[in-house]
Amino acid sequence: MAIQEDNLFKNVISHSKEYGFIFPSSEIYDGLSAVYDYGQNGAELKNNIKEYWWKFMTLLHDNIVGIDAAIFMHPTTWKASGHVDAFNDPMVDNKDSKKRYRADVLVEDAIAKMEEKIQKEVDKAAKRFGDSFDSEMFIKTNPRVLEYSQKIANANARLKESMGNGDMAGMKKLMEDLEITDPVSGTKNWTDVRQFNLMFSTEMGSIAEEANKIYLRPETAQGIFVNFLNVQKTGRMKLPFGIAQIGKAFRNEIVARQFIFRMREFEQMEMQFFVKPGEEMKWYEFWKEKRMKWHKALDLGDENYRYHDHLNLAHYANAACDIQFNFPMGFKELEGIHSRTDFDLKSHEKYSGKKLQYFDTEDNESYIPYVVETSVGLDRMFLSILSKAYTEEKLPDGSERVVLKIPVPLAPVKVAILPLVKKDGLPEKAMEIMNELKYDLRCFYEEKDAIGKRYRRQDAIGTPYCVTVDHQTLTDDTVTIRDRDSMKQERVKISDVKSQLIAACSINNILRKIEQ
Ligand code: GAP
């Protein structure tokens, strides 16, 4: 069944709550804006995504090691990284709706609308001219398209300039010139645009006078930079090499309305790849391609991924792009790949007074390495998987089911063990099988309700296999294995069940695909 995108998002959100994937944080107190808790199935899925990333980075690359740095860091870290002075978003309020927005996002949305208009003109002309249509020529010559293209180029240039110079008056003027209206009130009654720093701060120390203002890290990357030499020296790492890390990050987002897409507390999986200066563009291209392969190996549909080059580079980057994913609300950033130059290490060297250089034994010289970073949001990975896995199906017998077609190795529960009935020794036999499988696979045992109902419940949490113990089991030591997606059942000897399921559920099945 095709589901409308709007409905899909709503259904995914309510399904994930109903089936123990995601709950609003502190819900009994009416929740906390843009903060979510992962339930029993969500935590398992999240752990499996982490495993997929961690194994890819650290097992498949013998020059990448993983660390786990503290969330709290010396406050000077954030001065050196530029976050105290430059980690701002331009904020604007609509005086009528009282809603708050990011001004740059409003401008980007307006640009996207103009791009859609161009596409509409192209589609219309393609229909009119049929096979003889030359879209490239049309885009270059059609007056209306040319006018939109000019407007887009102009808006992009002004956006880049305003963001780069922190020119908030220029940003407001751009909003006015683009005639941006509030999607809620429909008016152009905007406040001035102001800079808003996204870092959360707190105090460390028990006595007020001694307390020091510290920040909750807005990215995990800085924990890697400050440990660069510790890891390089103790691990005797040679360039190029990488340091990987998974951990929480915190941002006081201005607009945080899209479920787990934009949260105030979230998790990142980041890797800093240290390279010889001058080689960074080669490695930037290398990681762009590798990371895309990692995503596509999940089989959520190649058409759902695309690159998006950054026009407005962050203060630390000389090249940057996103891997965007086709979320229920459209193509949005899933992962960032950034060539961060030597900005961070150089700045930490300056602020700390400690040398952060690498001695290159081949060239017999010391230098600050350049860095290529890959940074993917764990929660956005979760949303990408959940939103594509969520399927409403009409079955041949007229009934309906909701099934989560989560990639098998990532599914929260791998096998449900189900005795057909609650008597005749079937539960005992089922428990025997469960006790054999539970060391290798996350199992779930259930004997209550009719078997069809139990299958539906497992479909709804994405369990790829149901092992059913029936009366025949008692006579010939076989069970049926039901496949979640095809719903087909296969009769298998109990002695073969374990090896068959372990092989089918191994995360290596996806990892191997990346290397192909
Ligand atoms: N160290 C570089 C860095 O932090 P970023 O593009 O700001 O770069 C990287 O963030 C990734 O972190 C994003 O691609 C996104 O997946 C995730 N992310 C960023 N802000 C987020 C938020 N508020 N909620 C959830 N995920 C977020």
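Summarised in this report is the structure supplied together with it. Note that this is a predicted model, so its numbers are computed, not measured. (Residues numbered from 1 in each chain as written. Predicted model: local features only at pLDDT ≥ 70, side-chain atom pairs only at ≥ 80, totals over all residues. Heavy atoms only, no water.)

1. Some remarks on the overall build of the protein
A count of helical and extended segments in the protein gives 18 helices and 23 strands. When the backbone C-alpha atoms are referred to their principal axes, the protein occupies close to 80 × 65 × 55 Å. Counting every position in the protein, which comprises 516 residues, the buried fraction comes to 49%. For the protein, the proportion of contacts with a sequence separation of at least 24, taken over those separated by at least 6, is 66%. Side chains of the protein carry 74 positive and 81 negative charges; the gap between the two charge centres is 2 Å. (Helix = DSSP H or I, 4+ residues; strand = E, 2+ residues; numbered from the N terminus. Buried < 20%, exposed > 50% of the residue type's maximum accessible area, 1.4 Å probe, protein only. Contact = heavy atoms within 4.5 Å. Lys, Arg positive; Asp, Glu negative; His and termini not counted. Charge placed at Lys NZ, Arg CZ, Asp CG, Glu CD.)

2. Description of helix H17 (residues 494-505)
Between its terminal C-alpha atoms H17 stretches 17 Å, which fits the 16 Å expected from 12 residues at 1.5 Å a residue. If you check which residues of H17 are buried, you get Val497, Leu501 and Cys505. Down the axis of H17, the sector holding all buried residues measures 25°, keeping them to one side. Looking at the buried side of H17, the elements it contacts are strand E19 (415-419), helix H14 (426-437), strand E21 (465-469), strand E22 (478-483), strand E23 (489-493) and helix H18 (508-515). (Expected span 1.5 Å × (residues − 1). Arc of directions from axis to C-beta.)

3. Comments concerning the sheet that holds E22
Strand order in the open sheet formed by 5 strands is E20-E19-E21-E22-E23, and the pairing between neighbours is mixed. Single-partner strands in this sheet number two, and they are strand E20 (443-445) and E23. Mean inter-strand twist for the sheet, computed between neighbouring axes without regard to direction, equals 25°. Its contacts with the sheet place H14 against E19, E20, E21 and E22, and it is angled at close to 160° to E19. Strands in contact with H17 are E19, E21, E22 and E23; relative to E23, the strand with the most contacts, it is inclined by about 120°. (Pairing = 2+ DSSP bridges. Axes fitted to C-alpha atoms, helices over the stretch in contact; angles between N-to-C directions.)

4. A short note on the site of the ligand
Of all residues adjacent to the ligand, which total 21 residues, the nearest are Glu219, Met263, Glu270, Glu333 and Leu334. A distance of 2.8 Å separates an oxygen atom of the ligand from a polar atom in the side chain of Arg251. Considered on its own, the ligand offers 560 Å² of accessible surface; in the complex 94% of this is hidden by protein. Of all the elements, strand E13 (residues 330-341) adds the most residues to the shell around the ligand, at 6 residues. A class-by-class count of the residues in the shell around the ligand yields 6 nonpolar, 5 polar and 10 charged. (Near = heavy atom within 4 Å. Polar contact = N/O pair within 3.5 Å; in protein donor to acceptor, adjacent residues only side chain to side chain. Areas by Shrake-Rupley, 256 points an atom, 1.4 Å probe, with all protein chains shown as cover. Nonpolar A, V, L, I, M, F, W, Y, C, P; charged D, E, K, R; others polar.)

5. Regarding a positive patch on the surface
A cluster of basic residues, Lys113, Lys117, Lys120 and Lys151, forms a positive patch at the surface. Examining the composition of the positive patch, we find that 3 residues originate from one element, helix H5 (residues 103-129), more than from any other. (Patch = residues over 30% accessible without salt bridge, like charges linked within 9 Å, V, L, I, M, F, W, Y side chains within 5 Å. Salt bridge = Lys/Arg side-chain N within 4 Å of Asp/Glu carboxyl O.)

6. A look at the nonpolar core
Nonpolar side chains tend toward joint burial in soluble globular proteins. Ranked by internal contacts, the top residues of the largest apolar core, which has 62 residues, are Tyr52 and Leu410. With 7 residues, helix H13 (residues 378-389) is the single largest residue contributor to this core. The contacts of Leu410, once residues within four sequence positions are left out, are Leu45, Asn48, Ile49, Tyr52, Leu298, Ile385, Ile507 and Ile510. Within the second largest apolar cluster, 25 residues are counted, among which are Ala110, Ile118, Leu174 and Ile180. (Core = buried A, V, L, I, M, F, W, Y, C linked by side-chain atoms within 4.5 Å.)

7. Some points on the sheet that holds strand E11 (residues 305-309)
To summarise the sheet geometry, strands pair through backbone hydrogen bonds and adopt either a parallel or an antiparallel arrangement. The 7 strands lie next to each other as E3-E9-E10-E16-E13-E12-E11, forming an open sheet whose pairing is mixed. What marks the edges here is a single partner per strand, and that holds for strand E3 (64-67) and E11. Between one strand axis and the next, the sheet turns by 25° as a mean value, whatever way the strands run. Across the face of the sheet, helix H2 (residues 40-59) comes into contact with E3, strand E9 (241-250), strand E10 (265-275) and strand E16 (370-377) while running at roughly 160° to E9. Docked against the sheet, H13 engages E10, strand E12 (319-327), E13 and E16, running at close to 30° with respect to E12.

8. So, the pairing of E19
The buried count for E19 comes to 5 of 5 residues, which makes it a mostly enclosed element. Side chains Val415, Ile417 and Pro419 of E19 all project onto a buried face; the interleaved residues Ala416 and Leu418 project onto the opposite face, where all are buried too. Strand direction decides the pairing type here: E19 and E20, joined by 3 bridges, are parallel. Counted as the bridge partner of Ala416 is Phe444 from E20. Looking at chain direction, E19 and E21 are connected through 5 bridges and run parallel. Pairing of Leu418 across the sheet is with Thr468, part of E21.

9. Brief notes about unusual backbone geometry
The linkage connecting Leu239 with the following residue, Pro240, adopts the cis geometry, with an omega of -10°. If you trace the backbone, Pro240 turns up in the loop between helix H10 (228-234) and E9. For Ser26, which is not glycine, the phi torsion reads 40° and is therefore positive. Within the secondary structure, Ser26 is located in the loop between strand E1 (22-24) and strand E2 (36-38).

10. Focus: the side chain of Ser16
Here Ser16 is to be found in helix H1 (residues 5-18). Leave out the neighbours within four places in its chain, and Ser16 touches Phe21, Ile22, Phe259 and Leu386.

11. What to know about the packing of aromatic side chains
Evaluation of the coordinates by the stated rule reveals 20 aromatic pairs. Here Phe9 and Phe259 contribute two aromatic rings whose centre-to-centre distance is 6.4 Å and whose plane-to-plane angle is 75°, an arrangement assigned as edge-to-face. With Phe9 in helix H1 and Phe259 in the loop between E9 and E10, this residue pair connects regions lying 250 residues apart in the sequence. The burial state of Phe9 is the same as that of Phe259; both residues are buried. Between Phe325 and Phe327, the ring centres sit 5.2 Å apart and the planes meet at 75°, which makes this aromatic pair edge-to-face. When sorted by exposure, Phe325 lands in the same class as Phe327, which is buried. Through successive ring pairs, a cluster of aromatic residues spans Phe225, Phe228, Phe241 and Phe274. Sitting over the ring of Tyr307, Lys288 keeps its end group 4.9 Å from the ring centre. Arg482 extends its terminal NZ or CZ atom over the ring of Tyr455, reaching a point 4.5 Å from the ring centre. (Phe/Tyr/Trp six-rings, centres within 6.5 Å; stacked < 30°, edge-to-face > 60°. Lys NZ or Arg CZ within 6 Å of the ring centre and 35° of its normal.)

None of this, on its own, says anything about what the molecule does.
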